[in-house]
Amino acid sequence: MSRFPTTTHTPLLWEYAPSRESTDIVEIEDRYGLFIDGEFREPKSGKWFDTVNPATEEKLATVAEAGPKDVDDAVKAARAAFEGPWGRMSPSERAKHVFRIARMIQERSRELAVLEVLDGGKPIKEARDVDLPLVAAHFFYYAGWADKLEYAFPGAKPKPLGVAGQVIPWNFPLLMLAWKVAPALAAGNTVVLKPAETTPLSALLFAQIAAEAGLPPGVVNVVTGAGETGQLVVTHPGVDKVAFTGSTAVGKLIRSQVAGTGKKLTLELGGKAANIIFEDAPLDQAVEGVINGIFFNQGHVCCAGSRLLVEESIHDRFVDKVKRRLQTLRVGDPLDKNTDVGAINSRQQLEKIEELVESGVAEGAEMYQPDCPLPAKGFWFRPTLFTGVSQSHRIAQEEIFGPVLSILTFRTPEEAVEKANNTPYGLSAGVWTSKGSRILWMADRMKAGVVWANTYNKFDPTSPFGGYKESGFGREGGRHGLLPYLDWSE
Amino acid sequence: MRICGPPTGADGHRARYPDPVTIAHAADRSGILPDRITTPTLRTFLRSVPSVDEVGVAERVAALSTRSIKKESKRAALEMIVRMTDLTTLEGKDTPGRVAQLCAKAIRPDPTDPSIPSVAAVCVYPTMVRHAVTATEGTGVKVASVATYFPSGMADTKLKVEETRMVVADGAHEVDMVIDRGAFLAGEYFKVFDEIRRVKEACGEAHLKVILETGELVTLDNVRRASMLAMAAGADFIKTSTGKVSPAATLPVTLVMLEAIRDFHDATGVMVGMKPAGGIRTAKDAIRYLVLFNETLGHPWMTPDLFRFGASSLLNDILMQIRWLDTGRYQSPNYFTKD
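Colleague: Just checking my understanding: could you explain the overall build of chain B for this structure?
Modeller: Within chain B one finds 16 helices and eight strands. Across the 339 residues in chain B, those meeting the buried criterion constitute 60%. For chain B, restricting intrachain contacts to residue pairs at least 6 apart in sequence, the fraction spanning at least 24 positions comes to 74%.

Colleague: So what exactly am I meant to see when it comes to the domain arrangement of chain A here?
Modeller: Interfaces are often described in size by the accessible area the parts lose on coming together. Residue and element names in this part refer to chain A. Splitting chain A by domain gives domain 1 (31-269 + 470-487) and domain 2 (274-460). Carbon and sulfur atoms make up 59% of the area that domain 1 and domain 2 hide from each other, which totals about 2600 Å². Looking at the side of domain 1 facing domain 2, the largest losses of area belong to Glu57, Trp170 and Ser471, adding up to 20% of the total buried there. There are two salt bridges connecting domain 1 and domain 2. Along the contact surface separating domain 1 from domain 2 lie 14 residue pairs in polar contact (both at pLDDT 80 or more). Those elements that place two or more of their residues in the side of domain 1 that touches domain 2 are α4 (109-120) and α5 (124-145). The leading source of residues in the side of domain 1 that touches domain 2 is α5, at six residues. A breakdown of the residues in the side of domain 1 that touches domain 2 according to their chemical character gives 13 nonpolar, eight polar and eight charged.

Colleague: Just checking my understanding: could you explain the packing of helix α7 (residues 173-186) of chain A against helix α8 (residues 201-212) of chain A for this structure?
Modeller: Packed helices, taken two at a time, are described by the angle their axes make and the gap between the axes. Residue and element names in this part refer to chain A. Packing of α7 against α8 brings their axes to within 8 Å, and their N-to-C directions diverge by 50°. Relative to α8, α7 is oriented oblique. Remark: the crossing between α7 and α8 carries right-handed chirality. Note on element contacts: α8 touches α7 through Ser202, Ala203 and Phe206, opposite Pro173, Leu174, Leu177 and Val181. Looking at the contact of α7 with α8, its residues break down into six nonpolar, one polar and no charged.

Colleague: Got a minute to help me understand the side chain of A:Glu65 in this structure?
Modeller: Residue and element names in this part refer to chain A. With respect to the secondary-structure elements, Glu65 resides in strand β5 (residues 58-65). There is no salt bridge for the buried Glu65, and the closest opposite charge comes from Lys47, which lies 4.2 Å off by N-O distance. Contacts of Glu65, omitting those with residues within four sequence positions, involve Pro43, Ser45, Lys47, Trp48, Phe49, Asp70, Thr224, Gly225, Glu228 and Thr229.

Colleague: I would appreciate a short explanation of helix α11 (residues 283-295) of chain A in the present structure.
Modeller: An α-helical turn contains 3.6 residues, so any two residues separated by three or four positions project in the same direction. Residue and element names in this part refer to chain A. Helix length check: α11 (13 residues) gives 18 Å between terminal C-alpha atoms against 18 Å at 1.5 Å per residue, within 8%. Across the 13 residues of α11, twelve count as buried, placing the element largely inside the fold. Turning to α11, its buried residues number three or more, namely Leu283, Asp284, Gln285, Ala286, Val287, Glu288, Gly289, Val290, Ile291, Gly293, Ile294 and Phe295. At the exit of α11 stands Asn297, carrying a positive phi of roughly 55°.

Colleague: I would appreciate a short explanation of the pairing of strand β3 (residues 142-146) of chain B in the present structure.
Modeller: Within a regular strand, the side chains alternate between the two sheet faces. Residues and elements named next belong to chain B. In terms of burial, β3 is a largely internal element, four of the five residues being buried. As paired elements, strand β2 (residues 121-124) and β3 share four bridges and run parallel to each other. Bridging from a neighbouring strand, Val124 pairs with Ser145 of β3. As paired elements, β3 and strand β4 (residues 174-178) share three bridges and run parallel to each other. Following the sheet pairing, Ala144 is matched in β4 by Glu174.

Colleague: Looking at this model, I keep getting lost on the sheet that holds β5(A). Mind explaining?
Modeller: The pairing of strands in a sheet comes from backbone hydrogen bonds and takes either a parallel or an antiparallel form. Residues and elements named next belong to chain A. Spatially, β1-β5-β4 is the arrangement adopted by the three strands of the open sheet, whose pairing is mixed. In this open sheet, the two edge strands, each paired with only one partner strand, are β1 (31-32) and β4 (47-53). When β1 meets β5, the two strands line up parallel, connected through two bridges. By the bridge assignment, Arg31 is partnered in β5 with Thr62.

Colleague: What should I look at first to understand the packing of aromatic side chains in this one?
Modeller: Aromatic ring pairs: the centre-centre distance and the angle between the two ring planes describe each pair. Residue and element names in this part refer to chain A. Summed over all chains, the structure comprises 21 aromatic pairs over all chains. Relative to Phe410, the ring of Phe278 has its centre 5.2 Å away and its plane inclined at 75°; by these criteria the two rings are edge-to-face. A residue pair is termed long-range when its members are at least 10 positions apart, and Phe278 in the loop between β12 (274-277) and α11 and Phe410 in strand β16 (residues 404-410) qualify at 132 residues. In terms of burial, Phe278 and Phe410 fall into one category: buried. With a centroid separation of 5.8 Å and 85° between ring planes, the pair formed by Trp452 and Phe459 is classed as edge-to-face. You'll find Trp452 and Phe459 in the same group, each marked buried.

Colleague: How should the environment of A:Leu132 be read in this particular structure?
Modeller: Residues and elements named next belong to chain A. Summarising the element assignment, Leu132 is placed in helix α5. Between the C-alpha atoms of Leu132 and Gly449, which are 317 residues apart in sequence, the distance is 24 Å. Every residue in contact with Leu132, bar those within four places of it in the chain, is listed here: Ile105, Ser109, Leu112, Ala113, Ala127 and Leu174.

Colleague: How should helix α16 (residues 314-327) of chain B be read in this particular structure?
Modeller: Residues and elements named next belong to chain B. Taking 1.5 Å of rise per residue, 14 residues should cover 20 Å, and α16 covers 20 Å from first to last C-alpha, within 8% of that figure. Of all 14 residues making up α16, ten are buried, and the element is well covered by its neighbours. Those residues of α16 not exposed but buried are Leu314, Leu315, Asn316, Asp317, Ile318, Leu319, Met320, Gln321, Ile322 and Arg323. Contacts made by the buried residues of α16 are with α6 (71-83), β1 (85-88), α7 (96-107), α15 (283-296) and β8 (309-311). In the segment just after α16, Gly328 is the residue with positive phi, at about 80°.

Colleague: What is the right way to read the interface of chain B and chain A from this model?
Modeller: The partner chain A presents 44 residues to the 55 residues of chain B that form the contact. Where chain B touches chain A, the interface holds eight salt bridges. Residue A:Arg317 is joined to B:Asp263 by a salt bridge in which the shortest nitrogen-to-oxygen separation is 3.5 Å. Here chain B is connected to chain A by 18 residue pairs in polar contact (both at pLDDT 80 or more). Among the elements of the structure, α5 (54-64), α6, α13 (220-233), α14 (251-268) and α15 of chain B are those that each provide at least two residues to the side of chain B that touches chain A. Element by element, the count of residues in the side of chain B that touches chain A is highest for α6(B), at six residues. Classifying every residue of the side of chain B that touches chain A by side-chain character gives 24 nonpolar, 13 polar and 18 charged.

Colleague: Would you take a moment to explain the sheet that holds β4(B) for this structure?
Modeller: All names here are of chain B. Sheet architecture is open: eight strands sit in the order β7-β6-β5-β4-β3-β2-β1-β8, paired in parallel fashion. Looking along the sheet, the strands with just one partner apiece sit at the ends: β7 (273-275) and β8. Here the strands of the sheet are splayed against their neighbours by 25° on average, with no regard to which way each runs.

Colleague: Mind showing me how you'd approach the pattern of salt bridges here?
Modeller: Two side chains with opposite charge may pair up if their charged atoms get near one another. Following the criterion strictly, the structure yields 57 salt bridges over all chains and no others. One salt bridge connects A:Lys148 with A:Asp147, and the closest N-O pair in it is separated by 3.0 Å. Linking A:Arg324 and B:Asp266 is a salt bridge whose minimum nitrogen-to-oxygen distance equals 2.8 Å. Of the two residues, A:Arg324 sits in helix α12 (residues 315-327) while B:Asp266 sits in helix α14, which places them in two different chains. On the basis of relative accessibility, which here comes to 27%, the residue A:Arg324 falls in the partly exposed class. Relative accessible area serves as the criterion here: at 11%, B:Asp266 is assigned to the buried category. One network of salt bridges, in which partners are shared, links A:Asp284, A:Arg317, A:Lys321, B:Arg224, B:Glu259, B:Arg262 and B:Asp263.

Scoring rules and cut-offs
- Residue positions are given per chain, counting from 1 as you read along its sequence in written order.
- Chains and ligands are labelled by the order in which they are written, letters from A for the one and numbers from 1 for the other.
- Given that this is a predicted model, residues contribute local features only at a pLDDT of at least 70 and side-chain atom pairs are listed and counted only at 80 or more, while totals for whole chains, interfaces and linings are drawn from all residues.
- With hydrogens and water stripped out, all remaining heavy atoms of the structure feed into the side-chain values.
- The numbering of helices and of strands both runs from the N terminus, where a helix is a DSSP run of H or I of at least 4 residues and a strand a run of E of at least 2.
- Per-residue accessibility, obtained with a 1.4 Å probe over protein chains only, is compared with the maximum for each type, and a residue is labelled buried under 20%, exposed over 50%, and partly exposed between these values.
- We call two residues in contact whenever any of their non-hydrogen atoms come within 4.5 Å of each other.
- Here the bounds of each domain stem from an automatic or database domain assignment.
- Reported buried area values correspond to the accessible surface (1.4 Å probe) lost by two parts on association, with both partners' losses combined.
- For salt bridges, the criterion is a side-chain nitrogen of Lys or Arg within 4 Å of an Asp or Glu carboxyl oxygen.
- N or O atoms closer than or at 3.5 Å make up a polar contact, with two conditions inside protein: a donor-capable atom paired with an acceptor-capable one, and, for residues adjacent in sequence, both atoms drawn from side chains.
- Each residue gets one label: Ala, Val, Leu, Ile, Met, Phe, Trp, Tyr, Cys and Pro are nonpolar, Asp, Glu, Lys and Arg are charged, and the others, such as Gly, are polar.
- Note on definitions: angles span 0 to 180 degrees between N-to-C directions of axes, and those axes are lines fitted to C-alpha atoms, for helices only across the stretch in contact.
- Note that the term roughly parallel is reserved for angles under 35 degrees, roughly antiparallel for angles over 145, roughly perpendicular for angles of 65 to 115, and oblique for everything else.
- Crossings are classed by handedness, with left-handed meaning an anticlockwise turn of the near helix from the far one by less than a right angle and right-handed meaning a clockwise turn.
- Positive: Lys, Arg. Negative: Asp, Glu. His and the chain ends are not part of the count.
- Helix span is expected to be 1.5 Å times the residue number reduced by one.
- Pairing between two strands is assigned when DSSP locates at least 2 bridges connecting them.
- The aromatic pairing rule takes the rings of Phe, Tyr and Trp, using the six-membered ring of Trp, and pairs them if the centres are within 6.5 Å, calling planes under 30 degrees apart stacked, those over 60 edge-to-face and the rest tilted.

Following this line, the structure appears as structure tokens:
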């Protein structure tokens, strides 16, 4: 109730009208071939597959599926470019090419953002404000290193490796491309890239941009397809370096296949990050950090803060705040500029999320979901949280890769560290406290590649990113991100 | 004397969150308020207020500022903002004539469009209250008066209370007081608390808006604590600024105050209002505040009883935008009356 005894007005209802980003800016072709040696080609495999919009289940385009001969062509084209124009190019000329790509990405960022939304289901707000600015920033950052490699690593004479085979996931199709392609090119390598089968379109548009930027044919090749195509790229004897971002299971397989071949390998795999809230945290900002940590990109984030560890003394109060915030999340049409949570990337992923959420209920955790309406067609899952979760529950152990938060409690900083580290993964973690010394104390003890303090899911091209334990090895971003693409033998 | 509104329905909340905000309640109920509440108890209470992370606040504000408010929701927002405006003139050169003109504008903001509602209130200096009351009589437009030696507040509590009694006697429906920022920054919390309480008592039936003058409190931690202090002392509204200090209202400061209002409601069940004032000049700015409000406190608060804009030049930009939405054309400022 109001303190006013004479409250006269009834509250006014105010809804946001739909504010849909136009899709006119992007032209999607009916069919996309493979991008090999600077041109789009029909696949020698003769196979094709469809890519759909996960928010509507409508088909967007038919895309070629690369077979052994196609991948072989791509690797040969990459090798020829490496030994030819790209390899002979002066580092400063190489830098110009990468800078040009960065600028063209900026210029066409709206088009790329809309395409990313259509093919992947993420909200336009995130594609526009997070993905695309970071993609351009990565190319700008690594372009700057291209002619300064000897200064990046004083005393060393680093050389490019040759052909890099890169397999990327569907959660940030273009950003993961940038994380892999930008350092590879800046270091002087050529690339055979395999985008995920559910989100191939932005990589194909990127291939066009690379060609328009004047990149010599064969420097960047894009071979589309599913896991089998990825395996062909990874196991091809002409590949000198393998970079993979994706699930831990596939990562383990790749590592065994690459073993003994002399290929360099970096893996960026799963995570089950702890987001730790101390009693003295800035609570309302921590709520935002928790929301951003797990519902950003529908939770399809390898470093998502999927385990919330709350100090017991504030558990009820904090969980109530998170629940209330959950109710204000706007779930729906990813093209609406006011949408906070978009569509699940694929039916397969939706089924995986549903299965794990059912296990959470079956194992006795308490589920909470807001009663937001969901569109009739497409792949959707309500933002979900579980309270009363134990370390031994599957939802506290397995990576769900969806908008599902498991809430656990702790009593002391030692217990928080122990629980945070008690997982096969070690990609990221978050600490929320007003006490600076405690942030450092925690960061020292946590086995995680990234520890965010009083924030979450912040990325920057200058900052290395990567995992401990089953979250993989090797770093992307920063000077560290150049290392996997350089030869140190001399 | 009541410190807070009746605590009905809030007991459940309080049992779950033993928050020191309830100091005020507890003391009020046992009737021993003046002795129980001291600077040390208030300091303990304010220490329990969650800290604020400025970077996180800036980020949240930036995210909400990208909300795309178009078409019918923009029209509804603009009309709501008109209804929530405290049309203000606070100048040394104010005269009864100028105040009468302002009142005419408040009652009928757009003479060519009778569908535009009246604003919530006019906000004037104490000596102008009588004139404003006469000019707005029977129209539903309230009269708010700044008081307590606005804008500095550098006067003895007795004088502030006296001034408050005077403006209420002259017919003011609402009183906008300033807190003693010096005392707050010096840690003399009881002085601030007690002064608000006394002014509230002097208000009688009039509503009390407590101006924190956040531009002088500087940190968001101070803003959040001052908000809680003002609400515990009996504020009906908390207000950012006098408009005489820069920066005046900002989105981050407003968000922090809204979060404090939400916490206070959780602890006591009492809904306190919010008034950002000063520096809000365009419809676009005002809509950003409305979004912040809508997504922090939400529907029950979306009424002029609980949300006000303190502004003078904002109104005409709103009218211009409404005209544009209705006709598809922007008109020259010449077509909108100055006051």
